[in-house]
Amino acid sequence: MSIRHGLLALLNSGPRYGYQLRGEFEASTGGTWPLNIGQVYTTLARLERDGLVEPAGADEQGRAVYAITEAGRGELERWFGTPVAPGDRPRDELAIKIAMAVASGAVDVAEVIQAQRAATMRALQELTRTKRSATQGLAERLVIDASIFRTEAEQRWLDHCEAVFKEVR
């Protein structure tokens, strides 16, 4: 997901100012994607340049407020209607790391797997604690659940790597 589309999604429910967008973005993503306020304002400037948002005056405290335009709603509809392709996701650094450990021949692959397994288990425990203390609602819960599922899948993949490595060795 791009910050651009996240901000459009938040603006779709009504005008907001920059710090408000930042807080709602972080809350909606369960704190898994912290934003620098500079990113928010830079993105808003680009969205305005592209005709997807427009200034909507100021709130009662004098903060500049932005609103989504019809073009912005169209872009948001297009984005929500387009599935995320596997090629659109960042490279899997862990898979590359394990592959390079195997290819190098100079690294104890089992040790690399064990170190990652321990880190992954700690991450899973932390995510579980975070889920128990989550207070933001459904959006936060779904993001945390997705992280838990990915982390559990990573554990299963590490088990598979270990089994294949032992079999081939």
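Before reading further, recall that the structure is shown in the block above.
Cut-offs and rules
- Residues numbered from 1 in each chain as written.
- Predicted model: local features only at pLDDT ≥ 70, side-chain atom pairs only at ≥ 80, totals over all residues.
- Heavy atoms only, no water.
- Axes fitted to C-alpha atoms, helices over the stretch in contact; angles between N-to-C directions.
- Helix = DSSP H or I, 4+ residues; strand = E, 2+ residues; numbered from the N terminus.
- Parallel < 35°, antiparallel > 145°, perpendicular 65-115°, else oblique.
- Left-handed = near helix turned anticlockwise from the far one by under 90°.
- Contact = heavy atoms within 4.5 Å.
- Nonpolar A, V, L, I, M, F, W, Y, C, P; charged D, E, K, R; others polar.
- Buried < 20%, exposed > 50% of the residue type's maximum accessible area, 1.4 Å probe, protein only.

Quick word on the packing of helix α2 (residues 18-28) against helix α3 (residues 37-49)
Next, step 1: At a minimum axis separation of 9 Å, α2 and α3 run at an interaxial angle of 115 degrees. Relative to α3, the element α2 lies roughly perpendicular. For the element pair α2 and α3, the recorded crossing hand is right-handed. Contacts between α2 and α3 involve Gly 18, Tyr 19, Leu 21 and Arg 22 from the first element and Ile 37, Val 40, Tyr 41 and Leu 44 from the second.
Next, step 2: Of the residues belonging to the contact of α2 with α3, the class tally is six nonpolar, one polar and one charged.

So, the side chain of Ser 147
Next, step 1: Structurally, Ser 147 is set in helix α7 (residues 138-168).
Next, step 2: Every residue in contact with Ser 147, bar those within four places of it in the chain, is listed here: Thr 32 and Leu 127.

Considering the environment of Val 40
Next, step 1: By the secondary structure assignment, Val 40 is in helix α3.
Next, step 2: On the accessibility criterion, Val 40 (0% relative accessible area) is buried.
Next, step 3: For the pair Val 40 and Tyr 17, spaced 23 residues apart in sequence, the C-alpha separation works out to 9.8 Å.
Next, step 4: Not counting residues up to four positions away in its chain, the partners in contact with Val 40 are Leu 7, Gly 18, Leu 21, Arg 22 and Leu 35.

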